[in-house]
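Breakdown of the fold
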Amino acid sequence: MKYQDGQHFLMSPECRDMPIRQLVQIEEEEAYAIFRQFRWPATSGDPVCPHCGVLDCYALRRRAFKCSGCRREFSVTSGTVFAFHKLSFWKMLAAIWMSVNAVKGKAALHLSRELGVQYKTAWVLSFKIKEALGLRRVDMKLEGQVQMDGKYAGGHIKPENKAEERIDRRLKKYQNMKRLCVLALREKNGSGFERTFTRIVREEQGDAAWATVRDHVSRDATVVTDEHPSYADLAGLNEHRQVNHSEAYQTEDGTNTNHVESFFSRIQRAYVGIHHRFSLKYFDYYVADIAWREDNRRKSNGQLAALVLFAVMLNPTSRNFCGYWQGNSPPDPDFEDFDRPFAPA
Ligand SMILES: [Zn+2]
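Description of the structure in this document. (Residues numbered from 1 in each chain as written. Predicted model: local features only at pLDDT ≥ 70, side-chain atom pairs only at ≥ 80, totals over all residues.)

With that out of the way, let us pick up the overall build of the chain. Counting its secondary structure elements, the chain contains nine helices and eight strands. Counting all 345 residues of the chain, 32% fall into the buried class. Taking as baseline every contact in the chain between residues at least 6 positions apart, the subset at least 24 positions apart corresponds to 64%. (Helix = DSSP H or I, 4+ residues; strand = E, 2+ residues; numbered from the N terminus. Buried ≥ 20, exposed ≤ 12 C-beta atoms within 10 Å, placed from the backbone. Contact = placed C-beta atoms within 7 Å.)

Pairing within the open sheet is mixed, and its five strands lie in the order β6-β5-β4-β7-β8. Of all the strands in the sheet, the pair left with one neighbour each is β6 (196–201) and β8 (239–243). The average angle at which neighbouring strand axes cross in this sheet is 25°, direction not considered. The sheet contacts of helix α6 (residues 206–216) involve β5 (180–188), β6 and β7 (222–226), and relative to β5 the element is tilted by about 35°. Where helix α8 (residues 283–295) meets the sheet, it contacts β5 and β6, and its direction lies at approximately 165° from that of β6. (Pairing = 2+ DSSP bridges. Axes fitted to C-alpha atoms, helices over the stretch in contact; angles between N-to-C directions.)

Let us look at the packing of helix α3 (residues 89–101) against helix α4 (residues 108–115). At a closest axis distance of 11 Å, the pairing of α3 and α4 adopts a crossing angle of 135°. When the axis of α3 is compared with that of α4, the two are oblique. Crossing hand, α3 versus α4: right-handed. Of the residues in α4, those in contact with Lys91, Ala94, Ala95 and Met98 of α3 are Leu111, Glu114 and Leu115. Residue classes in the contact of α3 with α4 are distributed as five nonpolar, no polar and two charged. (Parallel < 35°, antiparallel > 145°, perpendicular 65-115°, else oblique. Left-handed = near helix turned anticlockwise from the far one by under 90°. Nonpolar A, V, L, I, M, F, W, Y, C, P; charged D, E, K, R; others polar.)

Judged by nonpolar contacts, the single largest core of 61 residues is most densely connected at Ile96, Val223, Val287, Val308 and Val312. When residues are assigned to domains, this core turns out to be shared by domain 1 (1–40 + 76–137 + 299–345) and domain 2 (140–296), each giving three or more. Not counting residues within four places of it along the chain, the set of residues in contact with valine 223 comprises Val146, Met148, Val213, Val217, Leu234, Asn238 and His240. One finds Cys57, Phe65, Cys67 and Phe74 within the second-largest nonpolar core, a separate group that totals five residues. (Core = buried A, V, L, I, M, F, W, Y, C linked by C-beta atoms within 7 Å. Domains from an automatic or database assignment.)

The structure is reproduced here in structure tokens:
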């Protein structure tokens, strides 16, 4: 039976082209060969020097190569997201497979039990994957109809009992890292291949909205937002339609922001059902991961595993998570500098 329109994709045979039986039959050497294929696709897995690009490299010892040009040594993961990995290739492959099968996201604790590795090992691995997937946003330019909205998350603070002791937390001086806003922009074209751009900001405000549309939306696109004043200026950049939610959720011509709001409900489900809390310092990574899953929800688990393998083998070593448990960790994100070209923290 082939996939039919209207049937939920996850119920169709096409979504499950890589069952667990196939995964467990893969030997460590074969897993290693798979990583080589994704690292060096142009040479079908033959080593290419990551330092100078020379093809003439020879095996120095098991799984280490030496370049005959620049004489430097490297391995299949040198310079990639999985550089300095401690896990076997099979376990890294299994982690990717388990992660893509969990459509709402994969908790690190769950991964650590399944792989039989320490929690912190699973946590770092899952964040290296999230970071690599989030990098796709750097060059993203959305087209067609683009719906844009903000969703606040985190940081419920119980108000003081007595009214005179309560403070107005909407005021800037009372804001802290405990409450942030996801600015999300989502293409709507009905094709099933729609991209979602996310960016974490402190609050919905005009400069952030403007810079994000300027840099990540094609000038030919139509931007649809609600009536929030931070979107009022966007008409200076793009064709802009606003839906006044205090009047109706949809204008007479059918304009609405339902598409971006269904992405927000996916964030909410991942929060309630999987992760239980999002550390706000790493909030951007969680949200980028959820957006990637949303955009690729109609791909099979084998296709998704391949996409993740490309992302981790072709993106550079994480500055943020390499040596994380030796004291390296990402700097606190800067959510204020909107003129700097967007790059994930
Ligand atoms: Zn070289």
